[in-house]
Amino acid sequence: MSTSTEGIVLRTIRYSENQLIVHLLTKEFGRFPAIVRRNRKKGSSNYFQPLFHLSVEVNFFSQRNMQRIQQLRFAHPYTDIPFSVQKSTIAQFLAEILSKVVPEQQPDKEFFSFLSNAFQLFDAEEKNPQNFHLLFLLHLTRFLGIYPSKKNENQAWFSPSEGAFVPQIMHDTIPEELNTGFNQLLHTPLSGFHELQLDRMTNQALLNQILEYYYIQLNMSKLKTYEILRQVFN
């Protein structure tokens with residue numbers, strides 16, 4: 001039986017000349033890969049860009065390793081992400097991270113709503129999108145079970161291996177010059193990403209620390225899109 005659900009594109013792989021494998025994170029069924037027939041009409045492949053939000057008809061069977069999409073359309077068409085080099089690069093980067101850390105077939109409607117709302121906020125911001133991925137990655141850790149504990153007067157140094165602020169400098173604590181910026185990120189709601197005032201070098205240094213946190217806590221493999229992101233913002 002065909003079911004309608006919404007899905008966010010995490011990854012697309014060419015399977016054959018006329019078929020794609022699309023990894024979707026959906027509201028009703030969680031994450032799954034699906035085979036989609038390629039339409040040769042101009043622009044048809046634009047449905048499957050990183051983080052695009054689709055409405056799909058799927059005959060879902062939990063026993064299957066691969067689902068089949070019957071119909072699809074845009075659920076929330078983006079107006080700026082596809083046309084901005086900065087935003088599309090960030091979207092590609094975040095989609096790769098999500099594809100590495102989100103498990104398959106674990107539906108979570110609250111998590112899906114977080115992603116949907118976050119990417120619509122990102123798409124709508126016109127002037128200052130370059131810090132979005134920093135805040136997004138920190139807020140994402142709430143759903144991954146590794147949200148960092150916050151700083152207090154007795155614990156002033158953040159340790160990625162401990163996942164918390166600690167009372168003294170350790171082998172992996174964040175450098176002093178970044179500690180204030182990292183703490184600021186932890187206290188900023190995602191909707192305030194456009195208000196952050198970070199220079200390019202601080203942005204890059206904080207991103208490196210956040211990625212190190214992901215590598216340690218989630219054993220995440222290295223990212224292919226990181227170098228592309230770095231080049232675009234440099």
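Residues numbered from 1 in each chain as written. Predicted model: local features only at pLDDT ≥ 70, side-chain atom pairs only at ≥ 80, totals over all residues. Heavy atoms only, no water.

**A word on the overall build of the protein**
Right, on to step 1. Assigned secondary structure in the protein consists of 6 helices and 7 strands.
Right, on to step 2. Along the chain direction, N to C, the helices and strands of the protein fall in the order β-β-β-β-β-α-α-α-β-β-α-α-α.
Right, on to step 3. The C-alpha atoms of the protein give a radius of gyration of 19 Å, which matches the 17 Å a tight globule of 234 residues would have.
Right, on to step 4. With 234 residues in all, the protein has 49% of them scored as buried.
Right, on to step 5. In the protein, the proportion of contacts linking residues at least 24 apart, taken out of those at least 6 apart, comes to 62%.
Right, on to step 6. With an accessible surface of roughly 12,300 Å², the protein has 46% of that area assigned to carbon and sulfur atoms.
Right, on to step 7. Computed over 23 positive and 21 negative side-chain charges, the separation of the two mean positions in the protein equals 12 Å. (Helix = DSSP H or I, 4+ residues; strand = E, 2+ residues; numbered from the N terminus. Rg over C-alpha atoms; globule rule 2.2 N^0.38 Å. Buried < 20%, exposed > 50% of the residue type's maximum accessible area, 1.4 Å probe, protein only. Contact = heavy atoms within 4.5 Å. Areas by Shrake-Rupley, 256 points an atom, 1.4 Å probe, with all protein chains shown as cover. Lys, Arg positive; Asp, Glu negative; His and termini not counted. Charge placed at Lys NZ, Arg CZ, Asp CG, Glu CD.)

**What about the confidence of the model for the protein?**
Low pLDDT marks stretches whose predicted atomic positions should not be read closely.
Right, on to step 1. Scored by pLDDT, the protein comes out at a mean of 90, with 96% of its residues at no less than 70.
Right, on to step 2. At the level of individual helices and strands, the protein shows its lowest average pLDDT in strand S7 (residues 164-166), which scores 87, and its highest in helix H2 (residues 109-124), which scores 97. (pLDDT = per-residue confidence, 0-100.)

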